There are 2 protein chains.
Amino acid sequence: MPPIPADRDALGMQRAFEEAEDGAKEGGIPIGSALVLHDDNGDRILASGRNMRIQKSSATLHGEICCLETAGRLKAGVYRKCTIYTTLSPCIMCTGAILLYRIPRVVIGENTNYVGGEELLKQNGVEVIVRNDSQCKELMAKFIKERPEDWNEDVGDE
Amino acid sequence: MPPIPADRDALGMQRAFEEAEDGAKEGGIPIGSALVLHDDNGDRILASGRNMRIQKSSATLHGEICCLETAGRLKAGVYRKCTIYTTLSPCIMCTGAILLYRIPRVVIGENTNYVGGEELLKQNGVEVIVRNDSQCKELMAKFIKERPEDWNEDVGDE
Ligand SMILES: [Ca+2]
Ligand SMILES: [Ca+2]
Ligand SMILES: [Zn+2]
Ligand SMILES: [Zn+2]
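Residues numbered from 1 in each chain as written. Chains lettered and ligands numbered in written order. Predicted model: local features only at pLDDT ≥ 70, side-chain atom pairs only at ≥ 80, totals over all residues. Heavy atoms only, no water.

Engineer: Any details on the overall build of chain A? Residues and values, ideally.
Structural biologist: The secondary structure content of chain A amounts to 8 helices and 5 strands. Ordered by position from N to C terminus, the α and β elements of chain A give α-β-β-α-α-α-β-α-β-α-β-α-α. Computed over the C-alpha atoms, the radius of gyration of chain A is 14 Å, within 12% of the 15 Å expected from 2.2 N^0.38 for a compact globule of 158 residues. For chain A, the C-alpha atoms occupy an extent of roughly 45 × 30 × 25 Å along the three principal directions. For chain A, the residues scored as buried account for 55% of the 158 residues in total. (Helix = DSSP H or I, 4+ residues; strand = E, 2+ residues; numbered from the N terminus. Rg over C-alpha atoms; globule rule 2.2 N^0.38 Å. Buried < 20%, exposed > 50% of the residue type's maximum accessible area, 1.4 Å probe, protein only.)

The structure is reproduced here in structure tokens:
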């Protein structure tokens, strides 16, 4: 995949944040994700998703997993031309999903509220970009403050 | 969690293998999983699941993810008293899910046909037991031989 300049990340990051906002409106954990294909025709959103722990009583539909699930079955070569966007640093499960499909580039809204598997991604050659986005930070900080038990459950903490 | 002797693994391993067989009958990728709680009342299967790539056009419902999803929302402390069983060595996504929830013990039917994130599990203190089960090996080898494209897609290979 050729280098992707940061100004092309607005499309995916915006969609990921909209997903997080939709999650908040539903009473869910406000984390969103989007998968964007970069090819000769430009950039195209293949899928997006949001954390569904509360909405679907789900233990595995984190934002990124929901996004990849919504994208459906893709050939290996498609993932290799994608960036995955997520409003929050990906946990180790979502990190593993990114590594399984060898998605070469991960753009993270913020890692102030949580740090997931960023080092493991980098060790495996994945490009990791943290945007330090204040909207993402505020939305997540508010949720963690108001509903610490739901948040702890989502990341496997007591 | 106290040490679990290997003779107590028949319950979970048997269920995981039945899931894999059910997957094969459905035309799916024959990998199954089960989550077993060990507590003062003995051993209890909390959930089981199987790979759903073919059946549900799913990119994320590997056997272990399907099993954890079926188990639903659990408090962190429950996972800490569980063994997860899987007929095949867990890929890096499923490895990440096991690490997220800090499941302390993983029993693997076989790792001849595929080796996933076993080393990362061990590095993080997870007990990993490989049974080298001939039934698991034969079922998976037959699938890989007959349908290499579906298998490659499931593990992100070209
Ligand atoms: Ca929306
Ligand atoms: Ca059955
Ligand atoms: Zn996650
Ligand atoms: Zn897997």
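Engineer: So, the packing of aromatic side chains: which residues are in play, and what are the values?
Structural biologist: All names here are of chain A. One pass over the full model with this rule turns up 4 aromatic pairs over all chains. Ring geometry for Tyr114 versus Trp151: centroids 5.5 Å apart, planes at 90°, classification edge-to-face. One end of the pair, Tyr114, is in the loop between strand S4 (105–110) and helix H6 (118–123); the other, Trp151, is in helix H8 (residues 148–154), with 37 residues separating them in the sequence. (Phe/Tyr/Trp six-rings, centres within 6.5 Å; stacked < 30°, edge-to-face > 60°.)

Engineer: Could you give me a rundown of the sheet that holds strand S3 (residues 82–88) of chain B, with the residues and numbers involved?
Structural biologist: Residue and element names in this part refer to chain B. With mixed pairing, 5 strands are arranged side by side in an open sheet as S2-S1-S3-S4-S5. Only two strands of the sheet have a single partner each, and these edge strands are strand S2 (42–50) and strand S5 (127–130). Here the strands of the sheet are splayed against their neighbours by 20° on average, with no regard to which way each runs. Where helix H1 (residues 10–25) meets the sheet, its contacts fall on strand S1 (32–39), S2, S3 and strand S4 (105–110), and the angle it forms with S1 comes to roughly 160°. Contacting S1, S2 and S3, helix H3 (residues 63–71) crosses the sheet at an angle of about 120° to S2. (Pairing = 2+ DSSP bridges. Axes fitted to C-alpha atoms, helices over the stretch in contact; angles between N-to-C directions. Contact = heavy atoms within 4.5 Å.)

Engineer: Explain the sheet that holds strand S3 (residues 82–88) of chain A residue by residue, including any values.
Structural biologist: All names here are of chain A. Spatially, S2-S1-S3-S4-S5 is the arrangement adopted by the 5 strands of the open sheet, whose pairing is mixed. Two strands close off the open sheet at either side, each with one partner strand: strand S2 (42–50) and strand S5 (127–130). Neighbour-to-neighbour, the strand axes of the sheet open up by a mean angle of 20°, direction not taken into account. Where S3 meets S4, 5 bridges bridge the pair, whose relative direction is parallel.

Engineer: Before we move on, could you go through the packing of helix H1 (residues 10–25) of chain A against helix H7 (residues 134–146) of chain A and cite the residues and values that matter?
Structural biologist: Residues and elements named next belong to chain A. With their axes 11 Å apart at the nearest point, H1 and H7 run at an angle of 20° to one another. Compared by their axis directions, H1 and H7 come out roughly parallel. Our pair here, H1 against H7, has a crossing hand that is left-handed. Mapping the contact onto sequence places Met13, Phe17, Ala20, Glu21 and Ala24 in H1 and Gln135, Cys136 and Leu139 in H7. Along the lines of polarity and charge, the residues of the contact of H1 with H7 split into 6 nonpolar, 1 polar and 1 charged. (Parallel < 35°, antiparallel > 145°, perpendicular 65-115°, else oblique. Left-handed = near helix turned anticlockwise from the far one by under 90°. Nonpolar A, V, L, I, M, F, W, Y, C, P; charged D, E, K, R; others polar.)

Engineer: Can you tell me about the interface of chain B and chain A, naming the residues and giving the values?
Structural biologist: Taken together, the contacts link 38 residues of chain B with 38 residues of chain A. Between chain B and chain A, roughly 3100 Å² of surface is buried when both sides are summed, and carbon and sulfur atoms account for 52% of that area. A per-residue breakdown of the area chain B buries against chain A is headed by Arg73(B), Leu100(B) and Glu153(B), which together make up 23% of the total. Seen at the junction of chain B and chain A, the total is 10 salt bridges. One salt bridge in this structure joins Lys75(B) and Glu153(A), with 3.4 Å as the shortest N-O distance. At the boundary of chain B and chain A, one finds 24 residue pairs in polar contact (both at pLDDT 80 or more). At the level of secondary structure, the elements contributing two or more residues to the side of chain B that touches chain A comprise helix H2 (53–56), H3, helix H4 (76–79), helix H5 (92–100) and helix H8 (148–154) of chain B. Here the element with the most residues in the side of chain B that touches chain A is H5(B); it accounts for 6 residues. (Buried area = accessible area lost by both parts, 1.4 Å probe. Salt bridge = Lys/Arg side-chain N within 4 Å of Asp/Glu carboxyl O. Polar contact = N/O pair within 3.5 Å; in protein donor to acceptor, adjacent residues only side chain to side chain.)

These figures capture arrangement, not role.
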